[in-house]
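Reading the structure
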Number of protein chains: 2
Amino acid sequence: MARVVVEVMPKAEILDPQGQAIVGALSRLGFPGVSDVRQGKRFELEIDGSVDDAELEKIAESLLANTVIEDWKVVRVQ
Amino acid sequence: MARVVVEVMPKAEILDPQGQAIVGALSRLGFPGVSDVRQGKRFELEIDGSVDDAELEKIAESLLANTVIEDWKVVRVQ
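The residue numbering used here restarts from 1 in each chain and proceeds along that chain's sequence as written. Here the convention is simple: chains get letters from A, ligands get numbers from 1, in the order in which they are written. pLDDT decides what is reported in this predicted model: residues at 70 or higher carry local features, side-chain atom pairs at 80 or more are listed and counted, and totals for whole chains, interfaces and linings draw on all residues regardless. The side-chain figures draw on all heavy atoms in the structure; neither hydrogens nor water molecules are used.

Under an unreviewed UniProt entry, the name given to chain A is Phosphoribosylformylglycinamidine synthase subunit PurS, and the organism recorded is Speluncibacter jeojiensis. Listed under Subunit (unreviewed entry) in UniProt, the entry text for chain A is "Part of the FGAM synthase complex composed of 1 PurL, 1 PurQ and 2 PurS subunits." Of the comments in the UniProt record for chain A, the one headed Pathway (unreviewed entry) reads "Purine metabolism; IMP biosynthesis via de novo pathway; 5-amino-1-(5-phospho-D-ribosyl)imidazole from N(2)-formyl-N(1)-(5-phospho-D-ribosyl)glycinamide: step 1/2." UniProt positions are given in the numbering used here, feature names are shortened, and annotations may be inferred rather than shown by experiment.

Following this line, the structure appears as structure tokens:
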């Protein structure tokens, strides 16, 4: 068993209304030092030895991320 | 300017129906080697020098995570 993290974030050129709402809220709540926030997703996968890097890329690209608007990254943590 | 990542994941004892739905879909779609998936959130914050670690912890704990059901972690990336 190995653990893999897939990070999915909105592409830089895509507006992120959730992130902007958080920046606005932080400023009102007394944290003006935060100038930008982007919100994405984080998946933790438990995989067995049969899943290789190519298969992980395929899973991330085709199922976990929407590649039109999101960038993704696979990170093996164990 | 520095970049900080806040990772928010459902606590281990909390059911994660989104993650379970992904495991089911992966299995049906030909990826049986993935035995567990947990879905969480990932925030990228741009902060200026006035924001110290204590303030970051406060932001993560009080605004980005629901500490009843979620664990969170602050990671300085730059």
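Picking up where we left off.
Quick word on helix α2 (residues 53–64) of chain A
Of the residues making up α2 of chain A, those classed as buried are Leu56, Ile59, Ala60 and Leu64 of chain A. For α2 of chain A, the angular spread of the buried residues around the axis is 95°, confining them to a single face. Across α2 of chain A from its buried face, at more than 90 degrees, point the exposed residues Ala54 and Lys58 of chain A. On the buried face of α2 of chain A, the contacting elements are β1 (2–10), β2 (34–47) and β3 (70–76) of chain A together with α1 (17–28) and β2 (34–47) of chain B. Each residue gets one of three labels from its accessible area relative to the maximum for its type: buried under 20%, exposed over 50%, partly exposed in between, using a 1.4 Å probe on protein chains only. The numbering of helices and of strands both runs from the N terminus, where a helix is a DSSP run of H or I of at least 4 residues and a strand a run of E of at least 2. When we speak of the arc, we mean the arc of directions from the helix axis to the C-beta atoms. Should any heavy atoms of two residues lie within 4.5 Å, those residues are counted as being in contact.

Regarding the pattern of salt bridges
Any Lys or Arg side-chain nitrogen found within 4 Å of a carboxyl oxygen on Asp or Glu counts as a salt bridge. Summed over all chains, the structure comprises 14 salt bridges over all chains. With its nearest N and O atoms 3.7 Å apart, the salt bridge here joins Glu44 of chain A to Arg3 of chain A. Placement of Glu44 of chain A in strand β2 and of Arg3 of chain A in strand β1 is noted, with a sequence separation of 41 residues between them. In this structure, the salt-bridge partner of Lys41 of chain B is Glu70 of chain B, at a minimum N-O distance of 3.6 Å. Taken as a pair, Lys41 of chain B in strand β2 and Glu70 of chain B in strand β3 (residues 70–76) lie far apart in primary sequence, 29 residues in all. The class of Lys41 of chain B is partly exposed, set by a relative accessible area of 27%. Judged by its relative accessible area of 14%, Glu70 of chain B falls in the buried class.

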